[in-house]
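Here's the letter readout for the chains.
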Amino acid sequence: MEKVFIHCTAEVSGEAQIGEGCKIWNQAQIREGAILGKNCIVSKNVYIDENVLIGDRVKIQNNVNVYHGVIVEDDVFLGPSMTFTNDMYPRAFNSDWEIAQTFIKRGASIGANATIRCGITIGEYAVVGAGSVVVKDVMPHELVAGNPARRIGWVCKCGFKLNEAYKCVKCGSQYDFKHFQSRSDIS
């Protein structure tokens with residue numbers, strides 16, 4: 001059984017659950033009620049809010065903020081300085097605000113400096129380009145970029161772009177076009 005590594009400058013609540021094999025680096029903060037699965041990497045200066053759920057083998061790069069209401073499934077990559085929101089109608093004086101849940105599905109990758117609006121789902125193995133602002137759901141295997149983020153292609157499970165015939169340019173995997181139709185199971 002692998003032990004957990006917590007850097008001496010990290011602040012990890014005694015009420016957080018940290019899975020075996022996790023590495024939590026300098027100046028990271030993990031709040032009460034947060035749950036991290038096995039073998040996660042929490043890099044420098046990461047903030048994980050209370051009651052956040054993070055799956056197994058998730059890699060969270062430097063300066064990422066994961067706020068209450070975010071659920072991250074297994075094998076997700078969160079790039080440097082990307083951030084989530086959790087309030088649809090933010091006001092400093094609003095005392096009755098509600099958290100909107102955000103779902104990041106298995107194998108998704110979110111690029112550096114991307115912003116993910118709350119209340120949406122990033123589908124399985126989707127890729128969000130660096131600097132993108134995502135304001136609506138991203139379908140499984142969809143490649144989005146820009147502000148606001150728009151589809152610029154499709155990606156394989158291995159992360160490389162699919163060609164016009166939905167074949168991976170790297171590993172050669174072939175996908176069925178029907179797989180990329182709008183799906184109701186990504187909510």
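Residues numbered from 1 in each chain as written. Predicted model: local features only at pLDDT ≥ 70, side-chain atom pairs only at ≥ 80, totals over all residues. Heavy atoms only, no water.

Help me understand the pattern of salt bridges in this model?
Side chains carrying opposite charge are able to pair once their charged atoms draw close together. Here the structure, examined in full by the defined rule, presents nine salt bridges. A salt bridge links Arg31 to Asp49; its shortest N-O distance comes to 3.3 Å. Of this pair, Arg31 sits in the loop between strand E5 (29-30) and strand E6 (35-36) while Asp49 sits in the loop between strand E8 (47-48) and strand E9 (53-54), placing them 18 residues apart in sequence. Classification of Arg31 as partly exposed rests on a relative accessible area of 22%. Shared partners join several salt bridges into a network, and the residues in it are Arg31, Glu32, Asp49 and Glu50. (Salt bridge = Lys/Arg side-chain N within 4 Å of Asp/Glu carboxyl O. Helix = DSSP H or I, 4+ residues; strand = E, 2+ residues; numbered from the N terminus. Buried < 20%, exposed > 50% of the residue type's maximum accessible area, 1.4 Å probe, protein only.)

Help me out: how do you make sense of the pairing of strand E21 (residues 142-145) in this one?
Here is the key point about a regular strand: its side chains alternate between the two faces of the sheet. Relative to E21, strand E19 (residues 127-128) is paired through two bridges, and the arrangement is parallel. Paired with Val127 across the bridge in E21 is Leu143. The pairing of E21 with strand E22 (residues 150-154) spans four bridges and is classified as antiparallel. Considered in E22, the bridge of Val144 is made with Arg151. Hairpin remark: E21 followed by E22, antiparallel, with four residues in the connecting loop; positive phi at Gly146, about 105°. (Pairing = 2+ DSSP bridges.)

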